[in-house]
Amino acid sequence: MLMKNKQTAKRQLTVRFMGLFALILLLMNLIFVGISVAFVYDYVSDRSEHIFDTIENSEPSRQSWSDLVNSYVIQDEGEALQVRLSNGETYYSEDAAETFNDVSEGKTIPFLEHFVFVDDDRYYYEEKEIDDAEVSLIIDSEAIADITINLLMVNLLLNIMGLIVGAVLIYWMVGRWSQKLSKMSTELNQLDETQGYLTVPEDLQEIYQVAMAFNTLLEKQREAIKREKQFVSDASHELRTPIAAIRGHMNLIQRRSETHPEVIPQSLAFIDKESKRIELLSEQLLTLGRVENKNNLEMIDFSSLVTQEVEDLQLSSERDFILQIEPEIYFKAAKTDLQQIIQNLLENALKYAPTGEIKVSLQKNDKINLQVADQGIGIADEEKEKIFERLYRIDPSRSSEINGSGIGLSIVKALVTKYGGDIQVEDNKPKGTIFIIHFPKK
Ligand code: ADP
């Protein structure tokens, strides 16, 4: 619904470009008018200066004023000269008296006070003292002003034509440009959840980048959806297997318990084991789903926490632990998250390194560095990335009797990432594995 009120980019851009274009033209016209007026003014004031100079150079005497006045007007009909002598005598060039009379009633405009407007006529007026005479000069600037006005009109006409042609061109060009966006949005609407990509236009860099970024995001999204689906099916498979086993033993008990009561304890033990597996798996799945939750953050004495966790485990496992804990390392986190990380790594060390000592260290330099090193079966290089995937177990541990779901390390990784940290696996010497976690210092 909202879309209806939105202007198309095509219209909006055209209107803006045209506004800008018209503004630039207006400015240029104003400059043109200014320059034209200055030229006209300059031209006639030059002419006037020239006339005054000539009069001055001819050093007129009282007798010759009359000749002088007439000789000048002969040159040009548009010029009129008046000479007023101190004794009250006044000389006019031919027909000048009338012109002077007209001009005396004309209007002037600010800044260009030498210009006088009489009805539709335009004159240039200037007066000057030469010897004891007051010489006034009028130049008819009608012709040159007309030329300028005509030029202005032509210019205006050209501008209007330019505006019309410009509008059509801009509308067309913007249309071609926005067409790519409209095409993109049509394509977007038709995109399938699982296949197809946006066509990437090569000529416009911005649109190219948007289309590329969108396609990359689409690819990632699809991979994520695929992984999610895979995870759900793996998880249901993992749950279904022990459930099927439990049901098998239930059947066995129902069918055979009367004739062969000795199957009961055996089957119950099996049911117990498998139901524990389901319990663990569902708990871990829930934990994994809740990792993002960032509640209950507090400053934790990480050093004491690690020490405490190791000591608790030592009581029940009778294994040798070596602790290298730098005291008083604090870290802001949810306590249960840090416990999960430590417990998972320690449990794995116990499971996959049945013998040998387990070394746990916590140090602080430019980062907080937690390491758990065992001397167990080790992890092959090609598995080092995969063990962090959800439900992934290395084959021997999957088939062997070692309990597990393949979720522990993915929980650890998700928790470490949640706090801006990273986790790596390295080989221990002479054998075994070292898990190394870095947390940013806070
Ligand atoms: P689980 O232990 O429940 O199988 P994890 O996600 O904790 O799941 O571990 C994934 C896999 O990584 C394990 O199945 C095991 O094969 C391997 N692994 C984890 N920790 C160790 C370790 N300390 N030494 C050798 N292999 C390990």
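- Per an unreviewed UniProt entry, the protein is named histidine kinase, and its organism is Tetragenococcus osmophilus.
- Word for word, the UniProt comment on the protein under Subcellular location (unreviewed entry) is "Membrane".
- According to the UniProt record, the Catalytic activity (unreviewed entry) comment for the protein is "ATP + protein L-histidine = ADP + protein N-phospho-L-histidine."

### What to know about the layout of surface pockets
1) Next: In this structure, the second largest pocket spans a volume of roughly 440 Å³.
2) Next: Going through the elements one at a time, α6 (205-256) and α11 (408-418) are the ones with two or more residues in the lining of the second largest pocket.
3) Next: Examining the composition of the lining of the second largest pocket, we find that 8 residues originate from one element, α6, more than from any other.

### What to know about the packing of aromatic side chains
To describe a pair of aromatic rings, one takes the distance between the centres and the angle between the planes.
1) Next: Going through the model one piece at a time under the given rule, you end up with 10 aromatic pairs.
2) Next: On the basis of an interplanar angle of 70° and a centroid distance of 6.1 Å, the ring pair of Y41 and Y124 is categorised as edge-to-face. With a gap of 83 residues between them, Y41 in helix α2 (residues 9-57) and Y124 in strand β5 (residues 121-130) connect regions that are remote in the sequence. Residue Y41 shares its accessibility class with Y124, and that shared class is buried.
3) Next: An aromatic cluster of three or more residues is present, and its members are F302, F331, Y419 and F439.
4) Next: Sitting above the plane of the F231 ring, R390 keeps its charged end 4.1 Å from the centroid.
5) Next: Directly above the ring of F388 sits K413, whose terminal nitrogen or CZ lies 5.4 Å from the centroid.

### Observations regarding the pairing of strand β10 (residues 358-364)
If a strand is regular, its side chains alternate between the two faces of the sheet.
1) Next: Taken together, the 5 bridges between strand β8 (residues 321-325) and β10 define a ladder with parallel strand orientation. Across the sheet, residue Q324 finds its bridge partner in β10, namely S361.
2) Next: Direction of pairing for β10 relative to strand β11 (residues 367-373): antiparallel, over a ladder of 6 bridges. Looking at the pairing, K364 lines up with I368 of β11.
3) Next: With antiparallel pairing between neighbouring strands as the criterion, β10 and β11 make up a hairpin whose turn holds 2 residues.

### Details of the pattern of salt bridges
1) Next: Across all of its chains, the model carries 12 salt bridges by this definition.
2) Next: In this structure, E238 and R277 form a salt bridge, with 3.8 Å as the shortest nitrogen-oxygen distance. Here E238, found in helix α6, pairs with R277, found in helix α7 (residues 263-290); they are 39 residues apart in sequence, far enough to count as distant.
3) Next: Relative accessible area serves as the criterion here: at 13%, E238 is assigned to the buried category.
4) Next: When the shortest N-O distance is used, the salt bridge between E274 and R277 registers 3.7 Å. Linking E274 with R277, this pair stays in helix α7, spanning 3 residues, or about one helical turn.
5) Next: The class of E274 is buried, set by a relative accessible area of 6%.
6) Next: Put simply, R122, E142 and D146 are held in one network by salt bridges that share partners.

### Section: the UniProt feature "transmembrane region" (unreviewed entry) in the protein
1) Next: Residues annotated in UniProt with the feature "transmembrane region" (unreviewed entry) correspond here to residues 20-41 and 156-174.
2) Next: A helix fraction of 100% and a strand fraction of 0% characterise residues 20-41, whose end C-alpha atoms lie 32 Å from each other.
3) Next: Each end of residues 156-174 is marked by a C-alpha atom, and these two atoms are 26 Å apart; helix forms 100% of the span and strand 0%.

### Remarks on helix α5 (residues 142-190)
1) Next: Under the 1.5 Å per step criterion, the end-to-end length of α5 is 70 Å for 49 residues, consistent within 8% with the ideal 72 Å.
2) Next: On the buried face of α5, the contacting elements are α2, β5, β6 (133-140) and α6.

### A closer look at the sheet that holds β10
1) Next: Reading across the sheet, the 5 strands line up as β8-β10-β11-β13-β12 and stay open at both edges, with mixed pairing between neighbours. Each of the sheet's edge strands pairs with one partner strand only, and the pair in question is β8 and β12 (422-427). The average undirected angle you get between the axes of adjacent strands in this sheet is 10°.
2) Next: Against the sheet, helix α9 (residues 335-352) contacts β8, β10, β11 and β13 (433-440), and its axis sits at roughly 170° relative to β13.

Reading the values: the criteria
Residues numbered from 1 in each chain as written. Predicted model: local features only at pLDDT ≥ 70, side-chain atom pairs only at ≥ 80, totals over all residues. Heavy atoms only, no water. UniProt positions renumbered as here; feature names shortened; annotations may be inferred. 1 Å grid on protein atoms, 1.4 Å probe; cavity = no way out; pocket = protein on both sides within 12 Å on 5 of 7 lines; lining within 4 Å. Points joined across faces, edges and corners; volume = space filled by probe spheres on them. Helix = DSSP H or I, 4+ residues; strand = E, 2+ residues; numbered from the N terminus. Phe/Tyr/Trp six-rings, centres within 6.5 Å; stacked < 30°, edge-to-face > 60°. Buried < 20%, exposed > 50% of the residue type's maximum accessible area, 1.4 Å probe, protein only. Lys NZ or Arg CZ within 6 Å of the ring centre and 35° of its normal. Pairing = 2+ DSSP bridges. Salt bridge = Lys/Arg side-chain N within 4 Å of Asp/Glu carboxyl O. Expected span 1.5 Å × (residues − 1). Contact = heavy atoms within 4.5 Å. Axes fitted to C-alpha atoms, helices over the stretch in contact; angles between N-to-C directions.

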